[in-house]
Amino acid sequence: MQKLHVIKIGGNVIDNSENLHRFLKDFTALEGYKILIHGGGKVATLVSESMGVEAHMVDGRRITDIDTLRIVTMVYAGLINKNVVAQLQHYGTNAIGLTGADGDFIRAKKRPVKTIDYGFVGDISDNSINPENISKLLEAGFTPVFCALTHDGEGQLLNTNADTIASALAVALSKLYETTLVYCFEKKGVLHDINDDDSLIRDINPERYDQLKADKIIHSGMLPKMDNAFTAIACGVRAVIIGHSDDLGQLKGGHSFGTRLSN
Ligand SMILES: Nc1ncnc2c1ncn2[C@@H]1O[C@H](COP(=O)(O)OP(=O)(O)O)[C@@H](O)[C@H]1O
Ligand SMILES: CC(=O)N[C@@H](CCC(=O)OP(=O)(O)O)C(=O)O
């Protein structure tokens, strides 16, 4: 089996042009098949509020009414995706920018209304990604760059968390490739103390994760990220790394970095 890296980059890195450029250069230098997924929640919130549309998040998910959907479509599929693709072309990666609607690569279902109406937020279910179709792009020499939008197959775009898209892509593609999922953000990895980069936790298994959650060492945005990561491992992804975008270059020599999750 050939190797594949599925790499997600978070909103705080996208927001910092120096970090973003360093990351995109290191991403280009990484050999073999790769797919990039970017978030951009922070930029979407800024643009939304500048247009007079208040941003609401519940459990790390954006309440996406029709005005918010229009804004996130402009920001994720337009502003961020096309800038990332243009920079990657500049560094020498033949990137192709995509939403889940392009090529029918990622379908999702609008989240049903229970106690909360999330609006146009999509959940990805099993078999909603066809890995063979994405593989055709990889084999043709393209590097897919996905933003945080999916579609329902009936003409409706949906907003889907970028960590979830990365995990779902990694799981689907692990049927064809030996896949490593990498979550890059602005910290060294999962930390004992989020203000101390020297407090990196190098390995976490599900038992340790339960303990770290109970001790409130892991909280907020890191919770859904870890849940997505453990789901990926349970479903066939070979390894998951959570670490700083500046350290991606370490993968080049076959080294690891940040926090490594295992079963
Ligand atoms: N133990 C921890 N170690 C590192 N970050 C943590 C931890 N617990 C909570 N966090 C928070 O999780 C955030 C990352 O989640 P999120 O903002 O969703 O990431 P992304 O930028 O990739 O979208 C960090 O910025 C940090 O504030
Ligand atoms: C449904 C939902 O919440 N979608 C996310 C998609 C962007 C994202 O995931 O961005 P980060 O990775 O930068 O957080 C949102 O709109 O914020």
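Residues numbered from 1 in each chain as written. Chains lettered and ligands numbered in written order. Predicted model: local features only at pLDDT ≥ 70, side-chain atom pairs only at ≥ 80, totals over all residues.

Asks: Break down the pairing of strand β2 (residues 33–38) for me, citing the residues and quoting the values.
Replies: For a regular strand, side-chain orientation follows a simple rule: the groups alternate between the two sheet faces. With six of six residues buried, β2 lies mostly within the body of the structure. With two bridges joining them, β2 and strand β8 (residues 143–146) adopt parallel strand pairing. In the sheet register, I37 faces β8, and the bridge partner there is F146. (Buried ≥ 20, exposed ≤ 12 C-beta atoms within 10 Å, placed from the backbone. Helix = DSSP H or I, 4+ residues; strand = E, 2+ residues; numbered from the N terminus. Pairing = 2+ DSSP bridges.)

Asks: Help me get a handle on the UniProt feature "binding site: substrate" (unreviewed entry) in the chain, residues and values and all.
Replies: The feature "binding site: substrate" (unreviewed entry), as given by UniProt, occupies G40, G41, R62 and N159 in the numbering adopted here. Sequence-wise these annotated residues cover 120 residues; spatially they are packed, their C-alpha atoms never more than 11.8 Å apart. With respect to the element layout, G40 can be found in the loop between β2 and α3 (41–50). The contacts of G40, once residues within four sequence positions are left out, are G11, I14, V75, Y76, I80 and A148. Mapped onto the secondary structure, R62 falls in strand β4 (residues 61–62). Residue class for R62 comes out buried when judged on the 23 C-beta atoms lying within 10 Å of it. (UniProt positions renumbered as here; feature names shortened; annotations may be inferred. Contact = placed C-beta atoms within 7 Å.)

Asks: For the site of ligand 2, give the residues involved together with the corresponding values.
Replies: Surveying the vicinity of ligand 2 reveals 16 residues, the closest of which are G11, G39, G41, A148 and A162. Elements represented by at least two residues in the shell around ligand 2 include exactly α3 and β4. Among the elements that take part in the shell around ligand 2, α3 stands out by supplying three residues, more than any other. Broken down by class, the residue content of the shell around ligand 2 amounts to five nonpolar, eight polar and three charged. (Near = placed C-beta within 6 Å. Nonpolar A, V, L, I, M, F, W, Y, C, P; charged D, E, K, R; others polar.)

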